[in-house]
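# Summary of the model geometry
Listed below, chain by chain, are the residues.
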Amino acid sequence: MEFANLRRFAHQHCRFKLRGGKEIFGVVWEVETSETATADGTKRLFFASVRDYERLATGGPVQVMPIAPSEIVAVESLAS
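Residues numbered from 1 in each chain as written. Predicted model: local features only at pLDDT ≥ 70, side-chain atom pairs only at ≥ 80, totals over all residues. Heavy atoms only, no water.

## Here's the deal with the environment of Pro-66
- Counting through the fold element by element, Pro-66 comes out in strand β4 (residues 65-66).
- Along the backbone, Pro-66 and Ala-48 are 18 residues apart, and their C-alpha atoms lie at a distance of 8.9 Å. (Helix = DSSP H or I, 4+ residues; strand = E, 2+ residues; numbered from the N terminus.)

## A look at a nonpolar patch on the surface
- A contiguous nonpolar surface patch, about 190 Å² in accessible area, is contributed by Leu-56, Val-62 and Val-64.
- Note that Leu-56 resides in helix α2 (residues 50-56).
- Since its relative accessible area comes to 38%, Leu-56 is described here as partly exposed. (Patch = residues over 30% accessible without salt bridge, like charges linked within 9 Å, V, L, I, M, F, W, Y side chains within 5 Å. Areas by Shrake-Rupley, 256 points an atom, 1.4 Å probe, with all protein chains shown as cover. Salt bridge = Lys/Arg side-chain N within 4 Å of Asp/Glu carboxyl O. Buried < 20%, exposed > 50% of the residue type's maximum accessible area, 1.4 Å probe, protein only.)

## Some details on the packing of aromatic side chains
- Taken as a whole, this structure holds three aromatic pairs when the rule is applied.
- Measuring from ring centre to ring centre gives 5.3 Å for Trp-29 and Tyr-53, while their planes differ by 50°; the resulting arrangement is tilted. Highlighted residues: Trp-29 in strand β2 (residues 23-34) and Tyr-53 in helix α2, separated in sequence by 24 residues.
- For Trp-29, a relative accessible area of 10% gives the class buried.
- Connected via pairs of aromatic rings, a cluster forms that spans Trp-29, Phe-46 and Tyr-53. (Phe/Tyr/Trp six-rings, centres within 6.5 Å; stacked < 30°, edge-to-face > 60°.)

## Examining the pairing of strand β1 (residues 14-18)
- Here β1 shows a clear split, with Cys-14, Phe-16 and Leu-18 buried on one side and none of Arg-15 and Lys-17 buried on the other.
- Across four bridges, the pairing between β1 and β2 is antiparallel. Residue pairing in the sheet places Arg-15 in a bridge with Phe-25 of β2.
- The hairpin formed by β1 and β2 contains four residues between the paired strands, and Gly-20 there has a positive phi angle of roughly 100°.
- Across five bridges, the pairing between β1 and strand β5 (residues 72-77) is antiparallel. (Pairing = 2+ DSSP bridges.)

By themselves, these are just geometric observations and shouldn't be taken as functional.
Listed below in structure tokens is the structure:
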């Protein structure tokens, strides 16, 4: 899936179907990182469980993992 298609689901509780058939539940968001060798920024996508995503605001310990947009084949918002 492309970044542009995932933007509307960013920062929401969603169900993601990954390449290979695995389903994961949580939140994705986009972060612009700076490359050390150049001044160009690179956008990366990160995933965390809903609980860990909420802990980001308080600065508590979280488990966050980078995820490639191409690994996501389908997404469904579970946010109310």
